[in-house]
Amino acid sequence: MMPSTLSIPNARFTHSSPEADDAGKPGLRHSDALALLSQQGLTDVIALALAVTGAATAQLLLQQDDVPPEMPPALFLIATELLLDADGQPTGHLVIFDHVERQLSASQQANFAALARQVSQHITSRRAVLLLEASLQRLEIISSTDALTGLQNRRSFEQRIRQEFARARRYDLALSFLMLDVDFFKHFNDLHGHQAGDRMLYRVAQTLRQNLRGQDTLARFGGEEFVVVLPNTGRNGALVLAERYRLAIESLGVAEVTVSIGVATLEATMQGPDELVNAADRALYRAKGSGRNKVVEAPLN
C-alpha cells in the first residue's frame, strides 16, 4: 500500500505540450497555466499517478475553466481528481486512463487524491512565485526607466557607464560618450507651454532611439539632456554617430529645436567614468557657447 503522503521531486517549471499524434501518452493540455510546470515536473507527476493507480497512461490538464478531460483513443477513463488553487477554485484535472474499465481500490483512490492535492499545492506555490517575480521585474523596469520618454533614466545610465568603463579598462577596449542638450528648450517651453515641451522631448527621445545601435545605451540625463554610451567605439566613430544624431533632430523640421552634442573618448589618464562624463559635458558647453546645433569633441589630454 502506498503512503498517503507522496513525495513529488522538486522541478523547475516551464511548459510543454503533446503532439497531435501523441494521444494516449502522458500529456499536458495547452493553457494559461502551462508556465507552471516543466517537462520534468510533468514526468514526475505522471510517473507517480501511474504508480499509485496501476493505470496505462495519465494526463495532467491545466486550464482556467473546469472542462472535462479529452479521452485518448481505445482507452477508458477510470479516475479523475480536480486540481484546486489556494482559494479552492478549479485549475484543472489529474486524469488516468486504462485499457479496461475498472474502479480504483480505496487505497489507490486515497493515494491518487493525495497526489492531486500535492500537485495543486505545487501549482499554487509556483504561481505565487511567478507573480512575485513579475512584480519585481516590473519594479526594476520602473526604477530604471524615465517616465516621460521611456528611455533609461540617470540611475540606470550611471550603472551602465560604470560597467562599460570597467570593461574597457579590463580588456583595453575603446569607449566613447555623447552628451546632448536640446537647444533653446526653455524658449520653446515659454512659447508653446510645458505640455508641448514634454511632447517635444518625447519626440526627440524617439528620434534618438531610432538611430541607436544595438550595443549602445541611450538615457535621459535630466531635463532636456540626453546621453549615449558607445562601447567599442573610438573617436572617429563617435563623431560620425554624434553628427547622425544632430542631423536626425534637425530633420524633425521644428525651427526652435536642434541639439548640441559634446563628444568624449576614453583616455589612458582617465581614472573613472566621471572623467569621461565631465569631458563630454565641457565639450557640450563649448558647443552651446559657439552657436549651438553642432558637435564638439573634447580635446585630448
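A short tour of the structure in this document, coming up. Just so it is clear, the model here is predicted, and its values are computed rather than measured. (Residues numbered from 1 in each chain as written. Predicted model: local features only at pLDDT ≥ 70, side-chain atom pairs only at ≥ 80, totals over all residues. Heavy atoms only, no water.)

Our next topic: unusual backbone geometry. Phi is positive for aspartate 172, close to 55 degrees, though the residue is something other than glycine. Relative to the helices and strands, aspartate 172 is located in the loop between helix H3 (154-171) and strand S5 (175-182). Phi is positive for arginine 292, close to 65 degrees, though the residue is something other than glycine. When you line up the elements, arginine 292 lands in the loop between helix H7 (273-289) and strand S9 (295-297). You can call arginine 292 partly exposed: its relative accessible area is 28%. (Helix = DSSP H or I, 4+ residues; strand = E, 2+ residues; numbered from the N terminus. Buried < 20%, exposed > 50% of the residue type's maximum accessible area, 1.4 Å probe, protein only.)

With that settled, consider helix H6 (residues 235-250). Here H6 spans 23 Å end to end across 16 residues, near enough to the 22 Å set by a 1.5 Å rise per residue. Residues of H6 that are buried include every one of Ala238, Leu241, Ala242, Tyr245, Arg246, Ala248 and Ile249, and no others. Along H6, the residues classed as buried sweep out an arc of 160 degrees about the axis, all on the same side. In H6, the exposed positions that point more than 90 degrees away from the buried face belong to Asn236 and Val240. The secondary structure elements touched by the buried residues of H6 are S5, helix H5 (194-210), strand S7 (225-231), strand S8 (259-265) and S9. (Expected span 1.5 Å × (residues − 1). Arc of directions from axis to C-beta. Contact = heavy atoms within 4.5 Å.)

You can see proline 73 is positioned in the loop between strand S2 (57-62) and strand S3 (76-84). Taking the C-alpha atoms as reference points, proline 73 and histidine 99, 26 residues apart in sequence, are found 9.9 Å from one another.

The buried count for S2 comes to 6 of 6 residues, which makes it a mostly enclosed element. Alternating positions in S2 separate into two faces, Thr57, Gln59 and Leu61 on one and Ala58, Leu60 and Leu62 on the other, with burial throughout. Bridging between S2 and strand S4 (residues 90-98) involves 6 bridges; their strand directions are antiparallel. Its bridge partner lying in S4, glutamine 59 is registered against valine 95. (Pairing = 2+ DSSP bridges.)

Another point: the environment of threonine 57. Among the secondary structure elements, threonine 57 is positioned in strand S2. We classify threonine 57 as buried; its relative accessible area is 2%.

Turning next to the packing of helix H4 (residues 185-192) against H5. One can describe the packing of H4 onto H5 by two numbers: an axis separation of 7 Å at closest approach and a directional angle of 135 degrees. Here H5 runs oblique to H4, going by the angle between their axes. Taken together, the residues of H5 that come into contact with H4 (itself represented by Phe185, Phe188, Asn189 and His192) are His194, Ala196, Gly197, Met200 and Leu201. Here the residues of the contact of H4 with H5 sort into 5 nonpolar, 4 polar and no charged. (Axes fitted to C-alpha atoms, helices over the stretch in contact; angles between N-to-C directions. Parallel < 35°, antiparallel > 145°, perpendicular 65-115°, else oblique. Nonpolar A, V, L, I, M, F, W, Y, C, P; charged D, E, K, R; others polar.)

Glancing now at the nonpolar core. Core analysis: the biggest nonpolar cluster contains 27 residues, and Leu178, Val204 and Phe226 have the highest contact counts within it. Within the residue set of this core, elements represented by two or more residues are S5, H4, H5, S7, H6 and S8. Among the elements that take part in this core, H5 stands out by supplying 6 residues, more than any other. Contact partners of valine 204, with chain neighbours within four places excluded, come to Val182, Phe226, Ile249, Leu252 and Val257. Counting 23 residues, the second-largest nonpolar core is a separate cluster that includes Ala264, Val277, Ala279 and Leu284. (Core = buried A, V, L, I, M, F, W, Y, C linked by side-chain atoms within 4.5 Å.)

So, about the packing of aromatic side chains. To describe a pair of aromatic rings, one takes the distance between the centres and the angle between the planes. Counting across every chain of the model gives 3 aromatic pairs. Taken together, a centroid distance of 5.8 Å and an interplanar angle of 75 degrees make the contact between phenylalanine 157 and phenylalanine 221 edge-to-face. One end of the pair, phenylalanine 157, is in helix H3; the other, phenylalanine 221, is in strand S6 (residues 217-222), and 64 residues separate them in sequence. The exposure classification of phenylalanine 157 matches that of phenylalanine 221, with both residues buried. Where phenylalanine 185 meets phenylalanine 188, the ring centres are 6.4 Å apart and the plane angle is 10 degrees; that geometry is what we call stacked. Taken together, the residues phenylalanine 185 and phenylalanine 188, both in helix H4 and 3 residues apart, mark about one turn of the helix. You'll find phenylalanine 185 and phenylalanine 188 in the same group, each marked buried. (Phe/Tyr/Trp six-rings, centres within 6.5 Å; stacked < 30°, edge-to-face > 60°.)

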